[in-house]
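Structural features, examined
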Amino acid sequence: MAKHSYLVSVLALLVAGYTAALSSATTTTFIVGDDQGWTMTGVDYVAWVQGKTFAIGDKLVFNYPSEEHTVTEVGRTDYFACAGGNALSNDRSGSTNITLTAPGTRYFICNIPGHCTAGMRLAVTVAAGGGLPPGATTPTGDAAGASVRPVTGSFIVKAIAGAMIKLVLS
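Just so we're clear, the structure is a prediction, and the values are computed from it rather than from any experiment. (Residues numbered from 1 in each chain as written. Predicted model: local features only at pLDDT ≥ 70, side-chain atom pairs only at ≥ 80, totals over all residues. Heavy atoms only, no water.)

**Regarding the environment of Leu60**
Here is the rule: For the purposes of this entry, the term helix denotes a DSSP run of H or I that reaches at least four residues, the term strand denotes a run of E that reaches at least two, and both are numbered from the N terminus. Here's how the labels work: a residue is buried when its accessible area is under 20% of the maximum for its type, exposed when over 50%, partly exposed in between, all with a 1.4 Å probe on protein chains only. When checking whether two residues touch, look at their non-hydrogen atoms; a contact exists if any pair is within 4.5 Å.
Secondary-structure assignment places Leu60 in strand E3 (residues 59–63). What makes Leu60 buried here is its relative accessible area of 0%. When the C-alpha atoms of Leu60 and Leu100 are compared, they prove to be 7.6 Å apart, with 40 residues separating the residues in sequence. Leaving out residues up to four positions away in the same chain, Leu60 has contacts with Phe30, Val32, Phe54, Thr96, Asn97, Ile98, Leu100, Phe108 and Val124.

**What about the packing of aromatic side chains?**
Rules: The aromatic pairing rule takes the rings of Phe, Tyr and Trp, using the six-membered ring of Trp, and pairs them if the centres are within 6.5 Å, calling planes under 30 degrees apart stacked, those over 60 edge-to-face and the rest tilted.
If you walk through the whole model with that rule in mind, you get 8 aromatic pairs. Here the aromatic rings of Phe30 and Phe54 are separated by 4.6 Å at their centres, their planes lie at 55 degrees, and the arrangement is tilted. With a gap of 24 residues between them, Phe30 in strand E1 (residues 29–31) and Phe54 in strand E2 (residues 54–55) connect regions that are remote in the sequence. Cluster of aromatic residues (ring-pair linked, three or more members): Trp38, Tyr45, Phe62 and Phe108.

Structure (C-alpha coordinates):
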(Lines give C-alpha, C1' and ligand atoms only; values in the text may rest on other atoms or scores of the structure.)
Protein backbone atom coordinates (compact mmCIF):
# COMPACT_ATOMS: atom_id res chain seq x y z
CA MET A 1 0.00 0.00 0.00
CA ALA A 2 2.87 2.39 0.75
CA LYS A 3 4.30 1.73 -2.73
CA HIS A 4 0.92 2.63 -4.26
CA SER A 5 0.63 5.84 -2.23
CA TYR A 6 4.18 6.87 -3.12
CA LEU A 7 3.65 6.28 -6.85
CA VAL A 8 0.36 8.18 -6.87
CA SER A 9 2.12 11.11 -5.17
CA VAL A 10 4.93 11.04 -7.73
CA LEU A 11 2.41 10.91 -10.58
CA ALA A 12 0.47 13.84 -9.12
CA LEU A 13 3.66 15.89 -8.82
CA LEU A 14 4.73 15.09 -12.39
CA VAL A 15 1.37 15.99 -13.86
CA ALA A 16 1.11 19.16 -11.74
CA GLY A 17 4.61 20.23 -12.74
CA TYR A 18 3.99 19.58 -16.40
CA THR A 19 0.67 21.43 -16.30
CA ALA A 20 2.28 24.38 -14.53
CA ALA A 21 5.02 24.49 -17.15
CA LEU A 22 2.46 24.57 -19.94
CA SER A 23 0.33 27.24 -18.29
CA SER A 24 3.30 29.46 -17.51
CA ALA A 25 4.50 29.40 -21.09
CA THR A 26 4.83 32.94 -22.33
CA THR A 27 2.55 34.36 -24.94
CA THR A 28 3.54 36.89 -27.54
CA THR A 29 1.63 39.88 -28.82
CA PHE A 30 2.31 40.51 -32.50
CA ILE A 31 1.58 43.94 -33.96
CA VAL A 32 0.53 43.04 -37.50
CA GLY A 33 2.69 45.02 -39.93
CA ASP A 34 4.84 46.24 -37.04
CA ASP A 35 5.10 50.07 -37.00
CA GLN A 36 3.16 50.46 -40.24
CA GLY A 37 0.19 48.44 -39.03
CA TRP A 38 -2.63 47.02 -41.16
CA THR A 39 -2.29 49.05 -44.34
CA MET A 40 -2.42 48.79 -48.13
CA THR A 41 1.05 50.15 -48.76
CA GLY A 42 4.52 49.34 -47.54
CA VAL A 43 3.90 45.95 -45.91
CA ASP A 44 4.25 42.53 -47.49
CA TYR A 45 2.21 40.39 -45.07
CA VAL A 46 3.50 37.14 -46.57
CA ALA A 47 7.04 38.26 -45.76
CA TRP A 48 5.93 39.65 -42.38
CA VAL A 49 4.92 36.19 -41.07
CA GLN A 50 8.17 34.57 -42.23
CA GLY A 51 10.40 33.56 -39.33
CA LYS A 52 7.65 34.09 -36.75
CA THR A 53 6.27 31.24 -34.67
CA PHE A 54 2.64 31.64 -33.64
CA ALA A 55 1.40 29.63 -30.67
CA ILE A 56 -1.87 29.07 -28.87
CA GLY A 57 -2.48 32.05 -26.57
CA ASP A 58 -0.55 34.52 -28.72
CA LYS A 59 -2.31 37.70 -29.78
CA LEU A 60 -2.50 39.53 -33.08
CA VAL A 61 -3.09 43.27 -32.90
CA PHE A 62 -4.26 44.98 -36.08
CA ASN A 63 -3.88 48.78 -35.94
CA TYR A 64 -5.48 50.85 -38.73
CA PRO A 65 -7.62 53.94 -39.25
CA SER A 66 -11.18 52.98 -38.26
CA GLU A 67 -13.68 52.70 -41.08
CA GLU A 68 -10.79 52.81 -43.61
CA HIS A 69 -10.04 49.09 -43.42
CA THR A 70 -11.51 45.92 -41.99
CA VAL A 71 -10.08 42.87 -40.31
CA THR A 72 -12.23 40.12 -41.72
CA GLU A 73 -11.54 36.52 -40.80
CA VAL A 74 -12.40 34.12 -43.60
CA GLY A 75 -11.85 30.50 -44.56
CA ARG A 76 -9.03 29.31 -46.81
CA THR A 77 -11.00 29.44 -50.08
CA ASP A 78 -12.28 32.96 -49.39
CA TYR A 79 -8.77 34.07 -48.43
CA PHE A 80 -7.38 33.10 -51.83
CA ALA A 81 -10.44 34.55 -53.60
CA CYS A 82 -10.32 37.78 -51.53
CA ALA A 83 -13.99 37.25 -50.74
CA GLY A 84 -15.51 38.36 -47.43
CA GLY A 85 -19.11 37.33 -48.06
CA ASN A 86 -18.86 34.29 -45.78
CA ALA A 87 -16.84 36.03 -43.08
CA LEU A 88 -16.22 34.26 -39.78
CA SER A 89 -15.80 37.66 -38.12
CA ASN A 90 -15.48 41.28 -39.22
CA ASP A 91 -14.23 44.39 -37.43
CA ARG A 92 -13.55 47.93 -38.57
CA SER A 93 -12.93 49.58 -35.19
CA GLY A 94 -9.33 50.61 -35.90
CA SER A 95 -7.82 48.29 -33.31
CA THR A 96 -8.65 44.63 -33.67
CA ASN A 97 -7.23 42.12 -31.19
CA ILE A 98 -7.30 38.43 -32.05
CA THR A 99 -6.26 35.71 -29.59
CA LEU A 100 -5.00 32.55 -31.28
CA THR A 101 -6.92 29.80 -29.50
CA ALA A 102 -6.30 26.64 -31.53
CA PRO A 103 -3.70 25.09 -33.83
CA GLY A 104 -4.15 25.50 -37.56
CA THR A 105 -4.16 28.32 -40.07
CA ARG A 106 -6.26 31.46 -39.61
CA TYR A 107 -6.97 33.74 -42.56
CA PHE A 108 -7.58 37.50 -42.46
CA ILE A 109 -8.35 39.97 -45.24
CA CYS A 110 -9.36 43.58 -45.59
CA ASN A 111 -12.84 43.43 -47.07
CA ILE A 112 -12.79 46.94 -48.56
CA PRO A 113 -12.97 46.47 -52.37
CA GLY A 114 -9.52 46.25 -53.90
CA HIS A 115 -7.59 46.15 -50.63
CA CYS A 116 -7.17 42.36 -50.36
CA THR A 117 -6.15 42.00 -54.00
CA ALA A 118 -3.59 44.76 -53.39
CA GLY A 119 -2.00 42.57 -50.69
CA MET A 120 -3.96 43.28 -47.52
CA ARG A 121 -4.33 39.70 -46.41
CA LEU A 122 -2.65 37.63 -43.75
CA ALA A 123 -2.45 33.87 -43.16
CA VAL A 124 -1.13 32.83 -39.75
CA THR A 125 -0.36 29.21 -38.89
CA VAL A 126 -0.65 28.44 -35.18
CA ALA A 127 1.64 25.67 -33.89
CA ALA A 128 0.05 22.74 -32.06
CA GLY A 129 2.12 23.35 -28.89
CA GLY A 130 2.53 20.74 -26.19
CA GLY A 131 5.76 22.00 -24.69
CA LEU A 132 8.00 20.88 -27.54
CA PRO A 133 9.68 22.99 -30.21
CA PRO A 134 7.46 23.73 -33.21
CA GLY A 135 7.52 20.83 -35.66
CA ALA A 136 8.73 18.22 -33.16
CA THR A 137 7.24 14.90 -34.17
CA THR A 138 7.39 11.23 -33.40
CA PRO A 139 7.38 8.66 -36.17
CA THR A 140 4.42 6.37 -36.64
CA GLY A 141 4.13 3.29 -38.80
CA ASP A 142 7.12 1.27 -39.96
CA ALA A 143 10.76 2.32 -39.87
CA ALA A 144 10.44 3.82 -43.34
CA GLY A 145 8.44 6.58 -41.61
CA ALA A 146 5.97 7.54 -44.29
CA SER A 147 3.88 9.47 -41.81
CA VAL A 148 4.46 11.50 -38.67
CA ARG A 149 2.18 12.86 -36.00
CA PRO A 150 2.84 15.71 -33.61
CA VAL A 151 3.71 14.94 -30.01
CA THR A 152 1.30 16.86 -27.80
CA GLY A 153 1.19 17.64 -24.11
CA SER A 154 -1.68 15.23 -23.57
CA PHE A 155 0.38 12.44 -25.14
CA ILE A 156 3.16 13.01 -22.62
CA VAL A 157 0.77 13.12 -19.64
CA LYS A 158 -0.90 9.91 -20.85
CA ALA A 159 2.48 8.19 -21.23
CA ILE A 160 3.52 9.17 -17.70
CA ALA A 161 0.16 8.09 -16.28
CA GLY A 162 0.32 4.75 -18.13
CA ALA A 163 3.80 4.03 -16.83
CA MET A 164 2.80 4.87 -13.28
CA ILE A 165 -0.33 2.68 -13.45
CA LYS A 166 1.78 -0.24 -14.67
CA LEU A 167 4.14 0.24 -11.73
CA VAL A 168 1.24 0.36 -9.26
CA LEU A 169 -0.37 -2.77 -10.67
CA SER A 170 2.87 -4.78 -10.79
